[in-house]
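Chain by chain, the residues run as shown.
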Amino acid sequence: MMNPYMHEALTLAEQGRYSCAPNPMVGCVIVNRGQVVGRGWHQRAGEPHAEIVALHEAGTLAAGAEIYVNLEPCCHEGRTGSCVAALIAAKVSCVHLAVVDPNPLVAGQGLAQLRAAGIAVHIGCCADEALALNQIFFHYITQKQPFVMAKWAMSLDGKISVPSGQSRQLTSTAALEHSHRLRQAVAAILVGANTAITDDPQLTVRRKDLNLDPNLQPWRIILSAKGDLPHHLHLFNSPLASKTLVYTTEHSLPSWRQRIESQGVSVIIAPTTEEGMTDLLFVLKDLGEKHISSLLVEGGSRILTSFYRQALLQKIIIYLAPKFIGHTEALSPLRSLDLISEQSWQIEEMLFLAPDVCLTLKKVEKKICLPV
Ligand SMILES: NC(=O)c1ccc[n+]([C@@H]2O[C@H](COP(=O)([O-])OP(=O)(O)OC[C@H]3O[C@@H](n4cnc5c(N)ncnc54)[C@H](OP(=O)(O)O)[C@@H]3O)[C@@H](O)[C@H]2O)c1
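Throughout this description, residue numbers start from 1 for each chain and increase along the sequence as written. pLDDT decides what is reported in this predicted model: residues at 70 or higher carry local features, side-chain atom pairs at 80 or more are listed and counted, and totals for whole chains, interfaces and linings draw on all residues regardless.

Trainee: How do you make sense of the overall build of the protein chain when you look at a structure like this?
Mentor: For helices the rule is a DSSP run of H or I covering at least 4 residues; for strands it is a run of E covering at least 2, with both sets numbered from the N terminus onward. Each helix and strand in the protein chain was counted, giving 11 helices and 14 strands. What the globule rule says is 2.2 Å times the number of residues to the power 0.38, and the radius of gyration is computed from C-alpha atoms. In terms of C-alpha radius of gyration, the protein chain reaches 23 Å, essentially the compact-globule figure of 21 Å for 372 residues. Viewed in the frame of its principal axes, the protein chain has a C-alpha envelope of about 70 × 50 × 45 Å. Here the protein chain holds 372 residues, and 42% of them are scored as buried. By definition, residue pairs are in contact when their C-beta atoms, positioned from the backbone, come within 7 Å. For the protein chain, the share of sequence-separated contacts (at least 6 apart) that also reach a separation of at least 24 residues comes to 70%. Any residue surrounded by 20 or more other C-beta atoms within 10 Å of its C-beta is treated as buried, while 12 or fewer makes it exposed and the intermediate range makes it partly exposed; C-beta atoms here are placed from the backbone.

Below is the structure:
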């Protein structure tokens, strides 16, 4: 059975899902003689960590208390001070942590400092749940690149658009609302040049029940190697133009770049691949340096194929509409794959969003065989 205090810490942590990136979601519960005396969760980067919020609530009752936290407490000063130092100063007796923080600034040093101060440390309670909760953070902090998910809507015969290439809504309102929650949970959304032109998307979170703070809207990213996107696109003409990045190549015209930049958009020159495309590895590295911890690739077919072929996707979310397009020239999400056998996927979740279905696939990582 799941430990109820760690379960509560995980539930508290979850509250930071839409606001704390690129930091991890962390929750903390302080228990003194069987009574919960403090609770906290991390809301936003630069604001107090979960342990500090919980210690504040517990006050003097933190002395001798047990701490339940889903991630190893930090031991570096950062912007908000060391949580380990605060726990030691509060004279807690014991810390139960679910998983060690892989952040090189912590990575076991937090628990070592706690133990050196005479505080008992227990590791591993609800570890699987804690790993699943912060999979984006763990990927980002170890790879220094965003966790990449692809998302597309398709018909039952596997087509993502009608033959003319015109934009047409395939899925229902329920699927659309779900996809906006998905957008809300990522730091950036990416599309290719053709999708930017054909669909003229806004790439924003739009939810009926929520008027989202513009600061919390995800970054909008467009890959345009040739750099000939029209200036009138929604993406370049909104208050969020300043949260828009266009990755182009040196083949694009300087006058086009200047015009886009004058609209508030940032233009970044990326290296060109052999096929004349924008180098995706450069893009991901650059996004990582910009502290963008998660990326939702929304298409179209050429972009999805490029990410897939280079094995850069960690998850795929497919909205399946009960429709048939039935035309050989209609686009499939992935094209000309000869590497299909080299990547395995497993269905992680299946949601019925009547009348559509949403499948979440996770990549099956190859097992590493350690030498005996
Ligand atoms: N159903 C869905 O979920 C969904 C979602 C999105 C889009 N769509 C549909 O998909 C269609 C567009 O798909 P598409 O395949 O024609 O185009 P796309 O994937 O949207 O854009 C491809 C273009 O992006 C640029 N690009 C830059 N770097 C690239 C790279 N590394 N790899 C691939 N492309 C790169 C290139 O254009 P330049 O050389 O000109 O820069 C390339 O031609 C539209 O009809 C749209 O409605 C459907």
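Once you've had a look at it, read on.
Trainee: Before we go on, may I ask you to explain the environment of Tyr140 in this structure?
Mentor: Within the secondary structure, Tyr140 sits in helix H6 (residues 135–143). Assessed through the 25 C-beta atoms surrounding it within 10 Å, Tyr140 is described here as buried. When the C-alpha positions of Tyr140 and Pro22 are compared, they lie 8.2 Å apart, and in sequence the two are 118 residues distant. Residues contacting Tyr140, with those up to four places away along its chain left out, are Pro22, Gln145, Pro146, Phe147, Gly288 and Ser293.

Trainee: What is the right way to look at the domain arrangement of the protein chain in this model?
Mentor: A common measure of how large an interface is: the accessible area buried when the components associate. Residue ranges assigned to each domain were obtained from an automatic or database domain assignment. Segmentation of the protein chain into domains returns domain 1 (4–138) and domain 2 (144–363). Taken together, the contact between domain 1 and domain 2 spans eight residues of the former and eight residues of the latter. Each residue is assigned to one of three groups, with Ala, Val, Leu, Ile, Met, Phe, Trp, Tyr, Cys and Pro labelled nonpolar, Asp, Glu, Lys and Arg labelled charged, and all others, Gly among them, labelled polar. Looking at the side of domain 1 that touches domain 2 residue by residue, the class counts come to five nonpolar, two polar and one charged.

Trainee: How do you make sense of the site of the ligand when you look at a structure like this?
Mentor: Each residue receives a C-beta atom placed from its backbone. It is near a molecule or strand if this atom lies within 6 Å of it. The immediate surroundings of the ligand are formed by 30 residues, with Gly192, Asn194, Thr195, Gly299 and Gly300 found nearest. At the level of secondary structure, the elements contributing two or more residues to the shell around the ligand comprise strand S6 (147–155), strand S7 (188–192), helix H8 (193–199) and helix H11 (301–309). In terms of residues, the shell around the ligand owes the most to one element, H8, which gives five residues. Here the residues of the shell around the ligand are counted per class, giving 13 nonpolar, 13 polar and four charged.

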